[in-house]
Structures are given as structure tokens and as C-alpha cells.
Amino acid sequence: MPAEDVRGQAEPTVRDAVSAPDAEGRPRRVTRRFPLFTRDTARPEGGGRAAAGDAPAPARQWPLLTVVGLVALGLLVTALDAFRPGTLIVGAALLTGAVLRWLRPDVGMLAVRSRFTDIVTYGVLGLVIVLLALMIQPDPLLKLPFLKDILHFTLAK
């Protein structure tokens with residue numbers, strides 16, 4: 001005889017693999033086959049609005065607009081023949097995205113995956129771009145002596 005829950009209703013006995021309950025609380029059968037059409041997807045952690053719902057759309061997405069605006073500024077500076085400063089601005093924009101993702105609970109569409117994945121992705125890409133911008137020739141601001149040895153080792157015949 002099936003057990004009863006606190007409301008006096010019988011709990012279903014489950015013999016097969018189940019997934020999350022449906023809208024009425026009943027367990028669903030699952031299959032190992034992928035569905036033909038995706039009906040829903042989970043919003044990334046922190047993917048809620050960055051401002052109240054009655055605020056205009058740009059105000060709700062200010063973290064994303066900040067990062068995209070800084071990247072656009074960096075690309076404009078780069079196009080105006082200031083390669084190092086423009087590239088540094090692009091790298092700083094991605095680092096800003098990592099910091100916003102770390103500090104803010106809701107960042108709107110700046111949240112793509114889990115918080116950890118977004119922080120690592122934005123941070124690593126931003127750091128690599130900044131380091132490469134500091135090594136731009138001529139007159140690099142950052143000199144790594146082992147890079148010359150690696151170059152000679154890989155191109156040596």
C-alpha cells in the first residue's frame with residue numbers, strides 16, 4: 001500500500017528512473033534520449049535583472065552595456081592607431097566583466113554560464129589580452145626573457 005503524505009494523498013511508487021517532478025508534483029519518467037525540442041532552459045546563476053523590472057531596458061542591462069561599451073571604446077582607440085592603449089582597454093573591459101560577475105548578485109545578460117565559469121573565462125581572457133598588450137613590440141613594457149628561448153627552440157632546425 002502506498003504511503004500517504006501530510007495532505008492525506010497517496011504518494012506514487014516509483015520503479016523507473018525519474019527526473020524533477022512535473023507542475024503537479026508527480027515524478028516524471030525519464031529517458032536517456034535527448035528531446036527533439038528543448039522546452040526550457042535554466043537561467044544562469046545571477047542572470048536576473050540588474051535593475052527593477054519597471055526600469056528601461058538599458059538600465060536593466062547596465063553591466064553588459066558597461067563591458068560592451070568599454071570594448072567598443074578600446075576597438076575605436078585601436079582603430080585610431082593607438083594599438084597598445086586600445087588593447088589595454090579591451091583587456092580591462094573583460095577584467096571589469098569578471099569583477100562585476102564576482103561582486104554583483106544579478107548582472108543580467110552578462111551571466112552566460114555559472115558564476116565560476118564566467119569569472120574564470122572573463123578573467124583569463126582579460127589577463128591574457130592585457131599581458132599581450134604589455135609585450136607589444138617595439139619597446140615592450142613587459143619583457144619575459146624565456147619567450148625568446150622558446151621561440152628559438154621551436155623554430156630551430
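Structure's up top.
Now for a quick tour of the structure. (Residues numbered from 1 in each chain as written. Predicted model: local features only at pLDDT ≥ 70, side-chain atom pairs only at ≥ 80, totals over all residues. Heavy atoms only, no water.)

Turning our eyes to something else, we now look at the packing of helix α2 (residues 62-79) against helix α3 (residues 83-103). Running from amino to carboxyl end, α2 crosses α3 at an angle of 170°, the nearest separation of the two axes being 7 Å. Relative to α3, α2 is oriented roughly antiparallel. Where α2 abuts α3, its residues W62, P63, V67, L70, V71, L73, G74, L75, V77 and T78 lie against F83, P85, G86, T87, I89, V90, A93, T96, G97 and L100. Broken down by class, the residue content of the contact of α2 with α3 amounts to 14 nonpolar, 6 polar and no charged. (Axes fitted to C-alpha atoms, helices over the stretch in contact; angles between N-to-C directions. Helix = DSSP H or I, 4+ residues; strand = E, 2+ residues; numbered from the N terminus. Parallel < 35°, antiparallel > 145°, perpendicular 65-115°, else oblique. Contact = heavy atoms within 4.5 Å. Nonpolar A, V, L, I, M, F, W, Y, C, P; charged D, E, K, R; others polar.)

Once that is clear, we can look at the pattern of salt bridges. On inspection of all chains with the given rule, the structure shows 1 salt bridge. Note that R101 is salt-bridged to D118, the shortest N-O span being 2.8 Å. One end of the pair, R101, is in helix α3; the other, D118, is in helix α4 (residues 115-134), and 17 residues separate them in sequence. (Salt bridge = Lys/Arg side-chain N within 4 Å of Asp/Glu carboxyl O.)

Turning to the nonpolar core, a few remarks are in order. V67, L94, A98, L100, V107, L110, A111 and Y122 together form the largest nonpolar core, which totals 8 residues. Among the elements that take part in this core, α3 stands out by supplying 3 residues, more than any other. (Core = buried A, V, L, I, M, F, W, Y, C linked by side-chain atoms within 4.5 Å. Buried < 20%, exposed > 50% of the residue type's maximum accessible area, 1.4 Å probe, protein only.)

This brings us to α4. Think of an α-helix as turning once every 3.6 residues; residues three or four places apart then point the same way. Taking 1.5 Å of rise per residue, 20 residues should cover 28 Å, and α4 covers 28 Å from first to last C-alpha, within 8% of that figure. On its buried face, α4 sits against α3. (Expected span 1.5 Å × (residues − 1).)

This part covers the side chain of D118. For D118, a relative accessible area of 4% gives the class buried. Of the polar contacts made by the side chain of D118, one reaches the side chain of R101; its length is 2.8 Å. Non-local contacts of D118, meaning those with residues more than four positions away in its chain, are made with R101, L110, A111, V112 and R113. (Polar contact = N/O pair within 3.5 Å; in protein donor to acceptor, adjacent residues only side chain to side chain.)

Another point: unusual backbone geometry. Residue P138 is reached from Q137 by a cis peptide bond, and omega for that bond is -5°. Its place among the elements puts P138 in the loop between α4 and α5 (145-155). The residue D81 is not glycine, and still its phi comes out positive at about 75°. Here D81 lies in the loop between α2 and α3. The phi torsion at D139 lies on the positive side, around 55°, for a residue other than glycine. Tracing the backbone through its elements, the reader meets D139 in the loop between α4 and α5. On the basis of relative accessible area, D139 is assigned to the exposed category, the value being 64%.

One can find R84 in helix α3. Within the local environment of R84, its side chain forms a polar contact with the backbone oxygen of I136, the two atoms lying 2.9 Å apart. Within the local environment of R84, its side chain forms a polar contact with the backbone oxygen of P138, the two atoms lying 3.3 Å apart. When sequence neighbours within four positions are dropped, the list of residues in contact with R84 reads A133, L134, I136, P138, D139, P140 and L141.

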